[in-house]
Amino acid sequence: MHDSFQALLHLVIPEGVSDYFKLVDHKTQANSIHIYLEELNSIPLEYQSNRLQSKGFFDEVILQDFPLRGREVFLHVKRRRWLNLDSNKVVFRNWEVVAKGTRITQDFAAFLKLSADTKAHSLQTIGSFYGISGKKLQRYYRDKLSDYSLWEHKENARKGLVFEQNMGPFLSIDETSLSHGELYTVVTNKQAKGKAGTLVAIMEGTKSETIIPLLQKLSPKQRNKVQEITLDLAGNMSLIAKKCFPNATRVIDRFHVQQLATEALQEIRIKYRWQAIDAENQAIEDAKTAQVTYCPPVLSNGETLKQLLARSRYLLYKKEDNWTVEQAQRADLLFERYPDLRKAYELTQKLSWIFSTTTDKLYAFARLAKWNELVEQSGFKSFNTLSRTIINHHQHILNYFDNKSANASAESFNAKIKAFRAQYRGVGNVNFFLFRLAKLYA
């Protein structure tokens, strides 16, 4: 055994182990490194005054440690035992290099626990990073490394979790899906910016009659300190905010309003697309009847009318200044053939312009009133529905112009939950999933 390798042993194996063990062998394989250690025949301090006789070793124990150079590391440890001639009992050195209930070293276990507590990755993913089986790590973390087994909400977390310490003056409320389409209501603290301390509450369902009693578990003093809460257009969310945070200004998210306008625009595009598909089908049938080959007309950009309508979807989401050359050419062809689409597109852009450029609530009120007049003149049914929605919720929509507050933080947090959920390819144990969410964000 090379002396230089022996000198590096204390850097490779857990701290303190090299003081009591000697390296007897090592093997390097394609994906793993195996280090063989035997305990030295040195009397443990607590038995220095006793007469001890060496009785060989316990059976070999295999532990997993930090990977090296991309290879898994396994420690093959043989612990020594002695016979205490004074008491006639077998004794051994009390060392705790193994994390309780696992087959990994304490240092490695602590590192993996910290990774699971602070990184929004599945345990399978974390395991793959550090050379340990994902299923094994999940079992270790759930049953031994974390305090999940002692968690007071282990059996009923899905019914609702509230974290009063994360309350702040500016909140958001939204809904998200965890598994099988089940919706959960999520309240977040904007000031935490999606990091630890963000999660104020996560509760199963969206019904106000079940959510309100859970949120009212938060102290009235803390709830009354909330100055502003952003939400979407759902009536149940508004009622929850009103009952639970009575002093808070309710702000309807501008992006939900703009999304409705975009959906109204896309509805018109889809209507024309179906008409184009019907026309093409009829032309194909007529060609078959006439026993001729059907060739669809091709526009100047090389697309058929059906393709033009399908591929125009994304340009309608963007401002004209942000169109590519190809999209600008496509828009010219589209609006030339469908003037209604141009008019609807201009209505959506006008609404976006109002939210983006207006800084005074009174000016916003006037501009929205003029926009509603344009909608009435357009005759678009879907836009008229949106116009009535704005009228019915105008007070909370106009509150946006006080501080330009939006629900983007809630949407961003929902995206984090969905990305985290996607790593699991579905949430099997909802309570454990919520435990990890609480560790990460509460």
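Residue numbers here run from 1 along each chain, matching the order of that chain's written sequence. Only residues with pLDDT of at least 70 get local features here, since the model is predicted, and only at 80 or more are side-chain atom pairs given and counted; chain-wide, interface and lining totals rely on the full set of residues. Side-chain numbers here rest on the full set of heavy atoms in the structure, without hydrogens or water.

Some points on the pairing of strand β1 (residues 21–28)
Heads up, the condition is: Strands were regarded as paired on the criterion that DSSP finds at least two bridges between them. What counts as a helix is a DSSP run of H or I of at least four residues, what counts as a strand is a run of E of at least two, and both are numbered from the N terminus.
The sheet contact formed by β1 and strand β2 (residues 32–39) spans seven bridges and is antiparallel. The partner of K27 across the bridge, within β2, is H34.

Remarks on the sheet that holds strand β3 (residues 52–57)
Condition: Whenever a helix is involved, its axis is fitted only over the stretch in contact; in every case the axis is a line through C-alpha atoms, and angles between N-to-C directions fall within 0 to 180 degrees.
Strand order across the open sheet formed by three strands is β3-β6-β7, with antiparallel pairing between neighbours. Two strands lie at the open edges of the sheet, namely β3 and β7 (89–91), each paired on one side alone. Neighbour to neighbour, the strand axes of the sheet diverge by 35° on average, direction disregarded. Note that strand β6 (residues 80–84) and β7 share three bridges and pair antiparallel. The residue bridging L83 from the neighbouring strand is V90, located in β7.

Structural notes on the environment of F57
Let me state the cut-off plainly: Whether a residue is buried, partly exposed or exposed follows from its accessible area with a 1.4 Å probe, protein chains only, as a fraction of its type maximum: under 20%, in between, or over 50%, in that order. Whether two residues touch is decided by their heavy atoms; if any such pair falls within 4.5 Å, the residues are in contact.
In this fold, F57 is placed in strand β3. The exposure class of F57 is partly exposed, given its relative accessible area of 22%. Between the C-alpha atoms of F57 and E39, which are 18 residues apart in sequence, the distance is 8.3 Å. If sequence neighbours within four positions are ignored, F57 has contacts with E38, E39, K78, R79, R80 and R81.

Let's talk about the sheet that holds strand β4 (residues 61–68)
One open sheet accounts for four strands, arranged β1-β2-β5-β4; its pairing is mixed. The two strands at the open ends of the sheet, each matched to only one other strand, are β1 and β4. Averaged over all pairs of adjacent strands, the angle between strand axes in this sheet comes to 25°, irrespective of strand direction. Here β2 pairs with strand β5 (residues 71–78) via seven bridges, running parallel. By the bridge assignment for β5, H34 is matched with F74.

What about the packing of aromatic side chains?
In plain terms, the rule: Pairing of aromatic side chains here covers Phe, Tyr and the six-membered ring of Trp, requires ring centres within 6.5 Å, and sorts the geometry by plane angle: under 30 degrees stacked, over 60 edge-to-face, intermediate tilted.
According to the stated counting rule, one finds 22 aromatic pairs in the structure shown. Pairing F380 with F383 gives two aromatic rings, centres 5.9 Å apart and planes at 50°, and the pair type is tilted. Comparing F380 with F383 shows no difference in burial state: the two are buried. Their ring planes at 80° and their centres at 5.2 Å tell us that Y400 and F401 sit as a pair that is edge-to-face. Judged by relative accessible area, Y400 falls into the buried class, the value being 3%. F401 sits in the buried class, given a relative accessible area of 3%.

So yeah, pure geometry; function would need other evidence.
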